[in-house]
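Next come the chains, spelled out residue by residue.
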Amino acid sequence: MKPVLEGTVALVTGASSGIGAATATALAERGAAVALAARRQDRLETLAADIRGQGGTALVLESDVTDQAQATAAVEQTVAELGRLDTLINNAGVMLLGPVAGAPLTEWQRMVDLNVLGLLYCAHAALPHLISAAEGGPRQVADMVNISSVAGRAARNGNGVYSLTKFGVGAFSESLRQEMTKRYVRVSLVEPGATATELATHNRPEVLEAIRGQFGQRMEAEDIADAIAYIVTRPRHVAVNEMLIRPTEQER
Ligand SMILES: NC(=O)c1ccc[n+]([C@@H]2O[C@H](COP(=O)([O-])OP(=O)(O)OC[C@H]3O[C@@H](n4cnc5c(N)ncnc54)[C@H](OP(=O)(O)O)[C@@H]3O)[C@@H](O)[C@H]2O)c1
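Here, residues in each chain are numbered from 1, in the same order as that chain's written sequence. Note on the predicted model: pLDDT of at least 70 is required for a residue's local features to be given, and 80 or more for side-chain atom pairs to be given and counted; whole-chain, interface and lining totals, by contrast, use all residues. No hydrogens and no water enter the side-chain calculation; it runs on all heavy atoms of the structure.

Chemist: Just to check I follow, could you spell out the nonpolar core for this structure?
Modeler: In globular proteins that are soluble, nonpolar side chains generally tend to be buried together. Each nonpolar core is a collection of buried residues, namely Ala, Val, Leu, Ile, Met, Phe, Trp, Tyr and Cys, held together in the definition by side-chain atoms within 4.5 Å. Accessibility here uses a 1.4 Å probe with only protein chains present; expressed as a share of the type maximum, an area under 20% marks a residue as buried, one over 50% as exposed, and anything in between as partly exposed. Grouped together as the largest cluster of nonpolar side chains are 42 residues, with contacts concentrated most on Leu 11, Leu 85, Leu 130, Met 144 and Val 185. Per-element tally for this core: the top contributor is helix 4 (residues 105-136), with 11 residues. Non-local contacts of Leu 130, meaning those with residues more than four positions away in its chain, are made with Leu 85, Asp 86, Thr 87, Leu 88, Ala 142, Asp 143, Met 144 and Val 185. If you look at the next biggest cluster of nonpolar residues, it comprises 37 residues, including Leu 27, Leu 44, Ile 147 and Val 190. Secondary structure is summarised from DSSP: a helix means a run of H or I of at least four residues, a strand means a run of E of at least two, and numbering begins at the N terminus for each. Any pair of residues with heavy atoms lying within 4.5 Å of one another is described as a contacting pair.

Chemist: Would you take a moment to explain the sheet that holds strand 5 (residues 142-147) for this structure?
Modeler: Strand pairing in a sheet relies on backbone hydrogen bonds. The paired strands run either parallel or antiparallel. Strand pairing follows a simple DSSP-based rule, namely that at least 2 bridges must link the two strands. Pairing is parallel in the open sheet, where 7 strands are placed in the order 3-2-1-4-5-6-9. The open sheet has two edge strands, strand 3 (58-62) and strand 9 (242-245), and neither has a second partner. In this sheet, adjacent strand axes meet at a mean angle of 15° when their direction is disregarded. Looking at chain direction, strand 1 (residues 9-13) and strand 4 (residues 87-90) are connected through 3 bridges and run parallel. Bridging across to strand 4, Leu 11 finds its partner in Leu 88. Helix axes use the C-alpha atoms of the stretch in contact, all axes being lines fitted to C-alpha atoms, and the angles between their N-to-C directions lie in the range 0 to 180 degrees. Relative to the sheet, helix 2 (residues 41-53) contacts strand 2 (33-38) and strand 3, its axis offset from that of strand 3 by approximately 175°.

Chemist: So what exactly am I meant to see when it comes to the packing of aromatic side chains here?
Modeler: The description of two aromatic rings rests on the distance between their centres and on the angle between their planes. Classification of ring pairs uses Phe, Tyr and Trp, with its six-membered ring standing for Trp, and accepts pairs whose centres are within 6.5 Å; under 30 degrees between planes counts as stacked, over 60 as edge-to-face, and the remaining range as tilted. In the structure shown here, the tally under the stated rule is 0 aromatic pairs. Positioned over the ring face of Tyr 230 is Arg 234, at 3.8 Å from the centre of the ring. When the NZ atom of lysine or the CZ atom of arginine is within 6 Å of a ring's centre and also within 35 degrees of its normal, the charge is said to sit over that ring. Its guanidinium or amino end placed over the ring of Tyr 184, Arg 236 lies 3.6 Å from that ring's centre, counting from NZ or CZ.

Next up, the structure:
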């Protein structure tokens, strides 16, 4: 049987680790050619080699998506080299936790720059190509999957600015979803709970100490990749708008 995403092209931001790397693999396994964007080129090259070793097609894009020119170039290079863009997985993100009072402003700037502006730059550059893909592509539908978080549903003491960015991703996604319905560009929101990735490791040591033990059971990056793959392989008339996924034992 023909792989469901054969003939399509997907761009995954933050593909050098965690959920992004697992998602790129999952989409390649389903037949998509994948463009891999992140800053750590060595990690992307290793992943691309794995995907090619399985018979897939992978393009490495060393890119800092907080820079608008680089975000746009990542999209344009995907289209130039792989021929089109059917699927954007807006995944790159950073989570810097801790009290608001006394927090380093640079941490807030990093989160807003990446989780909000980086996502918007990629969305802006990708939209014309997604619209074209939906009009003339093999599946007659295109997908933008924006990765939010449980923290995009509920703010908690200690995650103020991270939650702010993820609530923003949710609001933008819902508005764009409504705008794009008749054009067959599906805009989906994925809200993972605790997942074993590098995400928490970027926190200051005192924050790491404070949050140690806060996250109990964790999902694997592949669990979220599986959900994303489900979303983008639905038939044309089915749009999974939102998916909230927690480890079974996670209460809040
Ligand atoms: N893990 C969780 O528990 C969890 C829960 C809810 C939501 N999420 C969300 O899931 C998404 C993926 O996170 P993850 O858990 O997989 O964490 P991760 O392993 O830390 O992955 C983050 C990815 O973002 C990339 N990135 C960071 N800064 C970038 C930049 N300026 N330009 C381009 N790429 C950049 C990183 O690559 P480079 O460093 O190589 O650039 C990396 O590939 C994030 O949006 C996160 O908020 C995660």
